Amino acid sequence: MLKELLDKKDMDRILARMAHEILEKNKGTKELCLVGIQSGGVHLAKRLAGKIKEIEGREIPVGSLDIAFYRDDLNIRKEQPQVRKTDVPCEITDMKVVLVDDVLFTGRSIRAALDALMDMGRPSCIQLAVLIDRGHRELPIKADFAGKNIPTATDENVEVSLEEDGLEDKVTIE
Amino acid sequence: MKLSSKDLLGIKELTKDEITLILDTASGFKDVLKRDIKKVPALRGKTAVNLFFEPSTRTRTSFELAEKRLSLDVLNLSVTTSSVVKGESLIDTALNIQALGADFMVIRHSSSGAPHLISKHIDATVINGGDGINEHPTQALLDAFTIKEKIGRIEGLKIAIVGDILHSRVAKSNIYLLTKFGAEVRLIGPPTLVPKELEGLGVRIFHDMDSGLGGVNAVMVLRIQMERQGKGFFPSTLEYSKNWGLTSERLSMADKDAIVMHPGPMNRGLEVASDVADGPRSVILEQVTNGLAVRMAVMYLLAGVRE
């Protein structure tokens, strides 16, 4: 049974709050960059960067990261994950990188993203921002900035749909 | 979407969707090749064996590098130093290598159909690196990738392939792929090397270079295979280059943005003039870079096919 957890307005307020939190923790935009994990985190990263610009008046680099090659389940999946674009427009060495994803679940995607980032440079620190934290971590990974914590059962499915993909802005659970 | 066969034996067996999947995946790998650390752990711990029964530097090193970039362990077997010299059969060679734990076998052989024969007897993934005068699928894939990257599409384009088509596995694979994608393929060369029978493949045949090149969007030049000289295919290499060598004058017959391609290695000054090979329309070196990305894509996708 499909249930709507967040609507467009909820999501907008949450992203605004997260943008403030990111700026607060990092004391501004100096050496800050956002990297969205393909494909759920990419548009969210751009939205957060937009909000940061509204608040602070500064633009920060925003990139996208494809983690297909770094996944730990390539041997057991039924088919290879689709390969998408990785476009990190800045040198990440010595930068504060905030990884952005839509849903944090087992933490394995984040582990893959960490490996991918490490192959690209040596950030001064990596932080994690997620719209939804649904629990059930299988690795010791935590979000520094979480939009909403939602307790879920493992067989439930949390979907974040976005206007940029031609859908309505909403978060649903089924 | 995934590939339907555990092997890559030829373009003939691939559907348009499968080819598109390979080319799209190759774009992602091209990004990896631009990074400082040009390696991804995707196929870590797997083993690839390059079994080359025919000499090759270009294709073999391209595969070897592609394998290493995917974190595979690589073994190169050159026939002259192997037990094949002692009379071991092809199938036995392959079975023995599989017994050592090879997950991938890239095979180049002078007999058409050799990789197909091997694939029937082993469970490992078989990739055809060129078999006789049959096919060279990864070459056609990298050529298609280059055309798509430079021109944006394949459908509706006019593409000329010039040279010894009869003996060219590169030409055959390209003909299959380009016709599958709806391009008009023109074969240009002397009647001895471009016989009329090839029209059955859905191509147009020209023996006159200038009329054949009229308005084409891409010219693929094939190497004059010197080893076939003296068998009556053409009077002399000079005669060949006079009639079918790609000079800048001849190139001007093609579309003003036409690209010049060559699978390599090239006989500079013979099938292609130096100024054309080094000119602004030549994409010959990009083909080499793209070859790496395409071969990585092929191996990545084949690794995902499990019986």
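Chemist: Could you give me a rundown of the overall build of chain B, with the residues and numbers involved?
Modeler: Each helix and strand counted, chain B has 11 helices and 9 strands in total. For the C-alpha atoms alone, the extent of chain B along its principal axes is close to 55 × 45 × 35 Å. For chain B, the residues scored as buried account for 58% of the 307 residues in total. When contacts within chain B are restricted to residue pairs at least 6 apart in sequence, those whose partners lie at least 24 apart make up 72%. For chain B, the exposed area adds up to about 12,500 Å²; of that, 52% sits on carbon and sulfur atoms. Side chains of chain B carry 38 positive and 36 negative charges; the gap between the two charge centres is 2 Å.

Chemist: Account for the interface of chain A and chain B, naming residues and giving values.
Modeler: Facing the 15 residues of chain A at the interface are 19 residues of chain B. Note on chain A versus chain B: buried area summed over both sides is about 1,600 Å², and carbon and sulfur give 49% of it. On inspection of chain A and its partner chain B, the count reaches 1 salt bridge. Residue A:K85 pairs with B:D31 through a salt bridge whose shortest N-O separation is 3.3 Å. For the pair chain A and chain B, the interface holds 5 residue pairs in polar contact (both at pLDDT 80 or more). The residue inventory of the side of chain A that touches chain B, partitioned by class, reads 7 nonpolar, 3 polar and 5 charged.

Chemist: Any chance you could break down the packing of aromatic side chains for me, citing the residues and the numbers?
Modeler: Residue and element names in this part refer to chain B. Inspection of every chain in the model, using the stated rule, returns 5 aromatic pairs over all chains. Ring geometry for F234 and Y240: centres 5.1 Å apart, planes at 45°, overall tilted. Exposure remark for F234: the relative accessible area of 12% places this residue in the buried category. Here Y240 and W244 contribute two aromatic rings whose centre-to-centre distance is 5.6 Å and whose plane-to-plane angle is 40°, an arrangement assigned as tilted. Here Y240 and its partner W244 are both found in helix α8 (residues 237–244), 4 residues apart, which amounts to about one turn of the helix. The buried category is assigned to Y240, whose relative accessible area is 2%. W244 gets classed as buried once you look at its relative accessible area, which sits at 11%.

Chemist: Outline the pattern of salt bridges, supporting the account with residue identities and numerical values.
Modeler: Residues and elements named next belong to chain A. Inspection of the entire model under this criterion finds 28 salt bridges over all chains. Among the salt bridges present, the one from K8 reaches E163, with a minimum N-O distance of 2.8 Å. Of this pair, K8 sits in helix α1 (residues 8–26) while E163 sits in the loop between β7 (158–161) and β8 (170–173), placing them 155 residues apart in sequence. Of the residues examined, E163 reaches a relative accessible area of 41% and is grouped as partly exposed. Across the pair R17 and E21 runs a salt bridge whose closest N-O atoms are separated by 3.4 Å. Of this pair, R17 and E21 both sit in helix α1, 4 residues apart, which is roughly one turn of that helix. Relative accessible area serves as the criterion here: at 34%, R17 is assigned to the partly exposed category. A cluster of three or more residues bridged by salt bridges with shared partners is formed by K25, K142 and D144.

Conventions and cut-offs
- Residues numbered from 1 in each chain as written.
- Chains lettered and ligands numbered in written order.
- Predicted model: local features only at pLDDT ≥ 70, side-chain atom pairs only at ≥ 80, totals over all residues.
- Heavy atoms only, no water.
- Helix = DSSP H or I, 4+ residues; strand = E, 2+ residues; numbered from the N terminus.
- Buried < 20%, exposed > 50% of the residue type's maximum accessible area, 1.4 Å probe, protein only.
- Contact = heavy atoms within 4.5 Å.
- Areas by Shrake-Rupley, 256 points an atom, 1.4 Å probe, with all protein chains shown as cover.
- Lys, Arg positive; Asp, Glu negative; His and termini not counted.
- Charge placed at Lys NZ, Arg CZ, Asp CG, Glu CD.
- Buried area = accessible area lost by both parts, 1.4 Å probe.
- Salt bridge = Lys/Arg side-chain N within 4 Å of Asp/Glu carboxyl O.
- Polar contact = N/O pair within 3.5 Å; in protein donor to acceptor, adjacent residues only side chain to side chain.
- Nonpolar A, V, L, I, M, F, W, Y, C, P; charged D, E, K, R; others polar.
- Phe/Tyr/Trp six-rings, centres within 6.5 Å; stacked < 30°, edge-to-face > 60°.

In short, shape yes, function no, at least from these values alone.
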